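Fold and contact review
Below, each chain spelled out in residue letters.
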Amino acid sequence: SVKRNDELGDLASAFNDMAEGLSERETIRETFGKYVTPEIRDEILSGRIPLDGERRTATVLFSDLRDFTPYVEERSPEEVIQGLRSYFTEMEKAIRINGGLVLQYVGDEIEAVFGVPLACEDHAQKALTAALDMRACLEQLNEIRAHEGLRKFRHGIGVHTGEVLAGNSGSQNRLSYTLIGDTVNLTSRLQELTKKFKCDILASEETVKNLTGSFDLEREDPQMVKGYSKPVTVYRVIE
C-alpha cells in the first residue's frame, strides 16, 4: 500500500504496477504451458519456432486405446472422461520423463514426438524407452482399475523415425504446433498394425537402426500398409 504523494510514492506505485504485470504474465505463461507443454510454450514465446516450419529428423509415437467405442457406449460420459484423464496422465508422464512431447490428444489417441522442437541425438532410444514405460504405467493403472471394479485398458503403440516438417500450422489467427509429413502417417499405420500382430508395441526398421541401446526385439515379415506401395519392415518390442 502506497500512502506517499512525493517522488518515492510515485516510485513505489510504479514498482507495484511492474510486479502486478509480471505476476499476470507468469500466470499466462503457466496456463499456456498446460495447453502446449512448457517446452513448446517457451520455444513459441522466444520466437524460435518458424511460422513456416523446419525440416527435422525425429521419432514419432502414436498410441491408441483398444475397443474404446464399445467402452464409451457402455459407460456414462463422466466415467469416460475420468478414465481417459487417468490414462492420459500416466502416459504423458512416461513420455515426458523420456524427453518426449505430447502434441495432441485426439479422442483416445496420443501423438507424441521425440527430438523436436528440442533437438537430441538419441530420440529413437528415448521414444522406445517411453513406449516400454507406457506399458508399465498401463499395467499399474489397470491394477487400480481392477481394484475399483473397472474394466482394464489395452492400447497399441507405433514408433517410427524419419523426417518431419515441424512448426506452427493453422490459420493466421489460431496456430498449433504440429508435425507434417510421411513419417507421421506411417507411424499411425504402425499403431494400427499392432492389432494384426496382437501386440502392444511395434517399431519401424528406421527406428531400430537409430537405437543407441539394446532392446529385446522380434522382426516381423515385411507388411503392406494402406497408402504405401512398398512393404514396411517392423519389429515387435518384447522388452
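Please refer to the structure higher up on the page.
First things first, this report covers the structure right here in the doc. Within any chain, residue numbers begin from 1 and follow the written order of that chain's sequence. Per-residue local features are limited, in this predicted model, to residues with pLDDT of at least 70; the limit for side-chain atom pairs, both in listing and counting, is 80 or more; totals at the level of whole chains, interfaces and linings are taken over all residues. In computing side-chain properties, one takes all heavy atoms of the structure into account and sets aside hydrogens as well as water.

Moving on: helix H5 (residues 123–147). Helix and strand definitions here come from DSSP, where helices need a minimum of 4 consecutive H or I residues and strands a minimum of 2 consecutive E residues; each element is numbered from the N-terminal end. Here a helix's expected span is defined as the number of its residues, less one, multiplied by 1.5 Å. Over its 25 residues, H5 runs 36 Å from end to end, which matches the ideal 36 Å to within 8%, given 1.5 Å per residue. Looking one or two places after H5, you find Gly149, whose phi comes out positive at around 80°.

When a residue's accessible area, from a 1.4 Å probe over protein chains only, is under 20% of the maximum for its type it is buried; when over 50% it is exposed; and in between it is partly exposed. Burial analysis of strand S1 (residues 54–65) places nine of its 12 residues in the buried class, which makes it a mostly covered element. Taken together, the 12 bridges between S1 and strand S4 (residues 155–170) define a ladder with antiparallel strand orientation. Among the inter-strand pairings, Glu54 is bridged to a residue of S4, identified as Ala166. Two strands qualify as a pair provided that DSSP identifies no fewer than 2 bridges between them. As judged from the six bridges shared by S1 and strand S3 (residues 109–114), these two strands associate in the antiparallel manner. By the bridge assignment, Leu61 is partnered in S3 with Ala112.

The subject of this paragraph is the pattern of salt bridges. The rule for a salt bridge is simple: a side-chain nitrogen of Lys or Arg has to be within 4 Å of a carboxyl oxygen of Asp or Glu. Overall, the coordinates contain 12 salt bridges when judged by the stated rule. One salt bridge in this structure joins Asp67 and Arg154, with 2.6 Å as the shortest N-O distance. On the criterion of sequence distance, the pair formed by Asp67 in the loop between S1 and helix H3 (68–74) and Arg154 in the loop between H5 and S4 is long-range, its members being 87 residues apart. The exposure class assigned to Asp67 is partly exposed, which follows from its relative accessible area of 44%. The exposure class assigned to Arg154 is partly exposed, which follows from its relative accessible area of 48%. The residue Arg135 makes a salt bridge to Asp200 at a minimum N-O spacing of 2.8 Å. Highlighted residues: Arg135 in helix H5 and Asp200 in the loop between helix H6 (182–197) and strand S6 (201–204), separated in sequence by 65 residues. Comparing Arg135 with Asp200, the two get one shared label, buried. Through salt bridges that share partners, Glu74, Arg75 and Glu79 make up one connected network.

So, about the nonpolar core. As used here, the term nonpolar core means buried Ala, Val, Leu, Ile, Met, Phe, Trp, Tyr and Cys residues forming a set that is joined through side-chain atoms within 4.5 Å. Leu61 and Tyr87 are the most contacted members of the largest nonpolar core, which has 35 residues in total. Broken down by secondary-structure element, the contributors of at least two residues to this core are S1, H3, helix H4 (77–96), S3, H5, S4, S6 and strand S8 (234–237). Sort the elements by how many residues they give to this core and H5 lands first, with 10 residues. What Leu61 contacts, discounting residues up to four positions off in sequence, is Ile110, Glu111, Ala112, Phe114, Ala127, Ala131, Met134, Ile157, Gly158, Val159 and Thr187. Contacts between residues were defined by any pair of non-hydrogen atoms, one from each residue, lying within 4.5 Å.

On to the packing of aromatic side chains, then. Whether two aromatic rings pair depends on their centres lying within 6.5 Å, for rings of Phe, Tyr and Trp, where Trp uses its six-membered ring; planes under 30 degrees apart make the pair stacked, over 60 edge-to-face, and the rest tilted. Summed over all chains, the structure comprises five aromatic pairs. Summarising the aromatic geometry, the rings of Phe88 and Tyr105 are spaced 4.3 Å apart at their centres and angled 35° between planes, so their arrangement reads as tilted. On the criterion of sequence distance, the pair formed by Phe88 in helix H4 and Tyr105 in strand S2 (residues 101–106) is long-range, its members being 17 residues apart. Ring-pair connections join several aromatic residues into one group, and the members of that group are Phe68, Tyr71, Tyr87, Phe88, Tyr105 and Phe153.

Further remarks concern unusual backbone geometry. Glycine aside, negative phi is the norm for most residues, and most peptide bonds take the trans geometry. Pro117 follows Val116 through a cis peptide bond whose omega is 0°. Within the secondary structure layout, Pro117 lies in the loop between S3 and H5. Despite not being glycine, Asp67 has its phi angle at roughly 55°, a positive value. The phi angle at Lys198 is positive, at roughly 55°, despite the residue not being glycine. Mapped onto the fold, Lys198 is located in the loop between H6 and S6.

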